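# Geometric and topological summary
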Amino acid sequence: MAHAYPKNYKKMACELLKDFNNSPLKVSEELNIPLKTFEKWAYLYKRNDKIFDEDYKSPQDEIKNLQSVIKKQNETIDILKKACAFFAQKEKAPFM
């Protein structure tokens, strides 16, 4: 069964590799992490050292979030346009 490691643990392991110029094999053995797993972490960390931060969002996640915000804002704009049109017609109607 696969083991889930916390992001801060992954970051700490990758920093051990970088800061002490260790080999991936040595770090993975010391921390009892499968070598292939640790190599994946090290590769991701080398490409982006913020990847294992708790508040990190991938560009794809950020795009999805912004698309959701835009959709909600467009829905609000549509509602406001309909309300404006409704009240504009009411103003033009003669009073009884």
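A short tour of the structure in this document, coming up.

To continue, consider the overall build of the protein chain. Counting secondary structure elements, the protein chain contains four helices and zero strands. Against the compact-globule benchmark of 12 Å for 96 residues, the protein chain has a radius of gyration of 26 Å, which places it well outside the compact range. Along the three orthogonal principal directions, the C-alpha set of the protein chain runs to about 90 × 30 × 15 Å. Expressed as a percentage of its 96 residues, the buried residues of the protein chain come to 15%. A separation of at least 24 residues holds for 50% of the contacts in the protein chain among residues at least 6 apart in sequence.

Here we come to the nonpolar core. In this structure, Tyr5, Ala13, Cys14, Leu17, Val27, Ile33, Phe38, Trp41, Ala42, Tyr45 and Phe52 together form the largest nonpolar core, which totals eleven residues. Mapped by element, the contributors of at least two residues to this core are helix H1 (7–19) and helix H3 (35–47). Top element by residues in this core is H3. It accounts for four residues.

Here we come to the packing of H1 against helix H2 (residues 24–31). Orientation of H1 relative to H2, taken along the N-to-C sense of each, is 140 degrees, at an axis distance of 9 Å. By the angle class used here, H1 and H2 are oblique. Relative to H2, H1 is oriented so that their crossing is right-handed. In this structure, H1 uses Tyr9, Met12, Ala13, Leu16 and Leu17 to contact H2, whose residues at the interface are Pro24, Val27 and Leu31. Across the contact of H1 with H2, the residue classes tally to eight nonpolar, no polar and no charged.

Inspection of the secondary structure puts Ala88 in helix H4 (residues 59–92). Judged by relative accessible area, which is 38%, Ala88 ranks as partly exposed. For Ala88 and Met12, which are 76 residues apart along the polypeptide, the C-alpha to C-alpha distance reads 62 Å.

For any two aromatic rings, the description comes down to two numbers: the centre-to-centre distance and the angle of the planes. Counted by the stated rule, this structure contains five aromatic pairs. Pairing Phe38 with Trp41 gives two aromatic rings, centres 6.2 Å apart and planes at 75 degrees, and the pair type is edge-to-face. One end of the pair, Phe38, and the other, Trp41, are both in helix H3, three residues apart, so they sit about a helical turn from each other. Neither residue differs from the other here; Phe38 and Trp41 are each classed as buried. Measuring from centroid to centroid gives 5.2 Å for Phe86 and Phe87, while their planes differ by 75 degrees, and the two rings are edge-to-face. Counting every residue linked through ring pairs, the aromatic cluster contains Tyr5, Tyr9, Phe38 and Trp41.

Right, let's talk about the side chain of Asp53 for a bit. If you trace the backbone, Asp53 turns up in the loop between H3 and H4. At a separation of 2.6 Å, a polar atom in the side chain of Asp53 contacts the side chain of Lys11. Residues contacting Asp53, with those up to four places away along its chain left out, are Lys7 and Lys11.

What counts, and where the lines are drawn
- Position numbers for residues count from 1 along each chain, tracking the sequence in the order it is written.
- With the structure being a predicted model, the display of local features is reserved for residues of pLDDT at least 70 and the display and counting of side-chain atom pairs for 80 or more, all residues being used for whole-chain, interface and lining totals.
- Hydrogens and water molecules were not included; the side-chain quantities draw on all heavy atoms of the structure.
- Strands are runs of DSSP state E lasting at least two residues, helices are runs of H or I lasting at least four, and both sets are numbered from the N terminus onward.
- We compute the radius of gyration over the C-alpha atoms and compare it with the globule rule, which gives 2.2 Å times the number of residues raised to the power 0.38.
- Type-normalised accessible area, obtained with a 1.4 Å probe on protein chains alone, sets the label of each residue: buried when under 20%, exposed when over 50%, and partly exposed for intermediate values.
- In what follows, residue pairs with any heavy atoms lying within 4.5 Å of each other are defined as contacts.
- For this analysis, a nonpolar core means a set of buried residues of the types Ala, Val, Leu, Ile, Met, Phe, Trp, Tyr and Cys, connected via side-chain atoms within 4.5 Å.
- Where helices are involved, their axes are fitted lines through C-alpha atoms of the stretch in contact, as for all axes, and angles between N-to-C directions lie from 0 to 180°.
- Roughly parallel means an angle under 35 degrees; roughly antiparallel means over 145; roughly perpendicular covers 65 to 115; every other angle is labelled oblique.
- Take the far helix as your reference; a near helix turned counterclockwise from it by less than a right angle gives a left-handed crossing, and one turned clockwise gives a right-handed crossing.
- Residues are grouped as follows: Ala, Val, Leu, Ile, Met, Phe, Trp, Tyr, Cys and Pro are nonpolar; Asp, Glu, Lys and Arg are charged; every other residue, Gly included, is polar.
- Any two rings among Phe, Tyr and Trp, with Trp reduced to its six-membered ring, count as a pair given centres within 6.5 Å; such a pair is stacked if its planes are under 30 degrees apart, edge-to-face if over 60, and tilted if neither.
- We define a polar contact as two N or O atoms separated by no more than 3.5 Å, with the added condition that, inside protein, one atom must be a possible hydrogen donor and the other a possible acceptor, whereas residues neighbouring each other in sequence contribute only through side-chain atom pairs.

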